[in-house]
Amino acid sequence: MSTEDQRAPRSLAAALRARDDASLAALLRARPDLITPVPTDLTQLATRAGTRASVVRALERLDRFALQTAEALAVAGDPATYDELLGLMAGDARDPAVADALPGALAALREQALVWGDEGSLRLVRTARELLAPSAQHPSPTGLGPSVREATAGMSPGRIQELVATAGLPSTHDSVSAVGALTSLFTHRRKMAALLAKAPADSVDVLRRLMWGPPYGQVTADPAARLRWLLDRGLLLPTAPGTVVLPREVALHLREGRAHRTPEPVPPTVEALVAHRPQVVDATAAGQAYTALTTVEELLKDWHEGGPAVLRAGGLSVRDLKRTAVALDVSEPMAAFWVELAYAAGLLASDGEADERYAATPEYDEWLERPPADRWAQLAQAWLTATRTSGVVGGRDLKERALSALGPGLDRSAAPEVRHRVLTLLAGLPEGAAPDAEAVLARLRWERPLRGPQGQQGPQLPQGSAAQGAQGDDDLRSRLARWTLTEAELLGVTGRGALSSHGRALLGARSAAKPATAATGAGDGPTGPGDKLPAHHRPVSAGPAAPLSAPEQAVATSAAARLLTPLLPEPLDHVLLQADLTAVAPGPLRRPLADVLSVLADVESKGGATVYRFTPGSVRRALDAGRSASDLQAFLAEHSRTPVPQPLAYLIDDVARRHGHLRVGAASAYVRCDDDALLNEILADKRAAGLRLRRLAPTVLAAQADPAVLLDGLRAMGFAPAAESAEGDVLITRAHAHRTPPRTAPEPVPDGPPVPDTTLLGAAIRAIRAGDLAATAPRKPTEDAARLAPGELPRTSSAETLATMQAAVLTGEALWIGYVNAEGTASQRVIAPVRVEGGFVTAYDHTADEVRTYPLHRITGVSELVDD
């Protein structure tokens, strides 16, 4: 046996054992499910890496070319050589682009422990081979069928000999050699070409229709001549009554050696479709950002006194969503987006009362006091990291229940990663450049081809693989990407389709500092117009860059707010009063002015300038809130750049003169007025019939209606009554601000285990190495040790354990022990005893690299190690 063969790993565990700490850290970072919980040793790590759930998750995170490489290995020999794999990927012509990219794809598969072995014996992990290899139930994603050996497994020896003879091969004495001879013929390019040259044209046409898959076809009991010619020579083999299959070797010959119709070694480029000046993009995005702030404020102001009721199953009703859309003057999907955004930012929640309703949270009041850029940054960060997805509102869940805004079932764990990835692709373009949306979707499909429709996983994995082409527009990642492009524009992260400067900062320093590059499935490669770098030159990585950690995102959000601040308009402290009873706000208003004006006037139109209209009802609303006519006149004179128009002054004085002339209190209700003629007018009005008024005194009318109903009725008749208390004082009515108890924003639903940080990775690798050292430490050959199964703890009596420990203290030798801690967790350790006393052994623990003390009664057994 050669030295190279001796060094070749014999198992995945051995291959992992040969890795350095950096390589193991890359594996655990790419597949965090392997570290939950931390494996006891490398053998357990290899076992866990081969489980179905873990392999499916790893395959789903491969880019298209890496997946095509794994699919080719699944139909290659086991083990396969690198040259065999290269032939399957690059074909007989040895496509140079594929040949250049293959080392990088293979390195990515090795890094994720999906492939192990050297270039002379490449092995795909068994579970991945089972998922990707062809079978009758699940054809290979490559479109290839079973090999000749697999297809003839149940065929009679006589029939196999007939196939060999008809194909022009010498007869053999056994079926194994006959199948081998037939396989050699089908894999020999020159001989196979000569055989097909003799075939009828329509027979070759049958082969060519099957060669790219599916490889199965139906035949009758008496097949046509063109099919009989193929069946007699084994070019088609029966698999079941009435069903034939094209052997893998024949299909590969017809394909000129290629396992895939179209290998895709290079990701689709995301190029600029339209270019704008960066200043225009930033200005547009800043305008959208301010509109987002006003929309959220308007939403929560509309729900100021308590919003819609919570459905029994949770969420908003369809009717309430429509009402919200009308109030915000947006479509219903957009209304769902703003509602969910406020919820994700912690500004909106249910109040938890018996008659449960939605309302603003105390966090909303704090949010209103912050600078506009900081308020936007909070919304943007919530959107970027949220897993709740408003785009699915109106759809159906797996149980055919309607999905409602603010209701359950809206979490899509892939949403943060897709949003981050889409924005990263935009960051890879020159500043001010907007991409084609379809190019972005094509890139995402190349990076994650196994993310199937509606996020289905598991058994659906083979059907959604790379060989079957891109998924339709209904797959979840494509829809998430489309929603991301739309929502980013609404929120002001992008402007005119291009990423803004504050949008780049929102991605973090790494993304903003390197706008020319973006990660790909095999590494962090360039994107955009210059993305022509061969894949094998890309640094090997587990896939696209993950979203930032919470501390990193907080820093990035703060940087985005700083960049946005100078782009937002300064709030104004004045309006322009006009003679037609309107006021024009030429820009955003400072909060005290905006609050008072929203009570004193009604918003007539919005846009770059907001138009307010003064009406008797709006002025009465301000008077009801405790303002006097002189207060209102002074307020307008102070905050108007134009003189207060005479019609507006007359309107305020006229409403104030009549305001409170009538007083309404509780009798059950009464009306009093010093002007008995006015009371006579009310009694004579037919519209007052429903109030059932009657005179108690010259200045007092009694009503059989609630005071609030009486107030509304009189106001509808054109009067301006004021409510009064039991003491006769005028009641000042202000809007009641309904708030929920303190609420936290909804936690995102993670897409699998979180990526471990550097500290956890270091500790886990040390623990795995230590456990592996204990598990693989060479023991002295004894009868008890020989009976132990791999991984089994040593078993010795208490007296033998104590004697061996005491002897090791004198000789300084290391021992292998089994230990069970107080929680009942068993482990193997290599220790060098220093002292044995009082039922405890103090020793240097080689596995933990520190001195520890162990109770002797928790040591299951001890075994001596061989001398170095």
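Nothing here was measured: the structure is a model prediction, and the numbers come from that model. (Residues numbered from 1 in each chain as written. Predicted model: local features only at pLDDT ≥ 70, side-chain atom pairs only at ≥ 80, totals over all residues. Heavy atoms only, no water.)

> What should I look at first to understand the sheet that holds strand β4 (residues 237-240) in this one?
Sheet strands pair by backbone hydrogen bonding; their relative direction is either parallel or antiparallel. Reading across from one edge, β3-β5-β4 is the order of the three strands in this open sheet, with antiparallel pairing throughout. Every other strand in the sheet has two partners, leaving β3 (216-218) and β4 as the edge strands with one partner each. Within the sheet, the average angular offset between the axes of one strand and its neighbour, ignoring direction, is 40 degrees. Bridge count between β4 and strand β5 (residues 243-245): three bridges; the pairing is antiparallel. Looking at β5, one finds that L237 is bridged to V245. (Pairing = 2+ DSSP bridges. Helix = DSSP H or I, 4+ residues; strand = E, 2+ residues; numbered from the N terminus. Axes fitted to C-alpha atoms, helices over the stretch in contact; angles between N-to-C directions.)

> Explanation requested: the sheet that holds strand β23 (residues 815-820) in the structure shown.
On the basis of which strands lie adjacent, the open sheet formed by five strands has the order β26-β25-β24-β23-β27 and antiparallel pairing. Two strands in the sheet have a free side with no partner beyond their single neighbour: β26 (850-855) and β27 (859-864). With strand direction ignored, the average angle separating the axes of adjacent strands in the sheet is 45 degrees.

> Can you help me understand the pairing of strand β15 (residues 582-585) in this one?
Regular strands place their side chains on alternate faces of the sheet. Residues of β15 alternate between two faces, with T582 and V584 on one and A583 and A585 on the opposite face, all of them buried. Taken together, the three bridges between strand β14 (residues 576-578) and β15 define a ladder with antiparallel strand orientation. Across the sheet, the residue bridging to L576 is V584, located in β15. Relative to strand β17 (residues 610-613), β15 runs antiparallel, the two being bridged by four bridges. When the bridges of β17 are listed, T582 appears paired with R613. (Buried < 20%, exposed > 50% of the residue type's maximum accessible area, 1.4 Å probe, protein only.)

> Could you clarify how one ought to interpret the pattern of salt bridges in this entry?
Pairing of side chains with opposite charge becomes possible as their charged atoms draw close. Evaluated as defined, the whole model comprises 27 salt bridges. Linking R209 and D205 is a salt bridge whose minimum nitrogen-to-oxygen distance equals 2.6 Å. Placement of the pair is R209 and D205 together in helix α14 (residues 201-210), with a separation of four residues, close to one helical turn. Relative accessible area serves as the criterion here: at 54%, R209 is assigned to the exposed category. The partner of D320 in a salt bridge is R323, with the nearest N and O atoms 3.5 Å apart. Here the residue D320 and the residue R323 both occupy positions in helix α18 (residues 318-328), the gap between them amounting to three residues, near one helical turn. Since its relative accessible area comes to 52%, R323 is described here as exposed. Connected through shared salt-bridge partners, D78, R123 and R129 make up one network. (Salt bridge = Lys/Arg side-chain N within 4 Å of Asp/Glu carboxyl O.)

Functional significance is not addressed by these values, which are geometric in nature.
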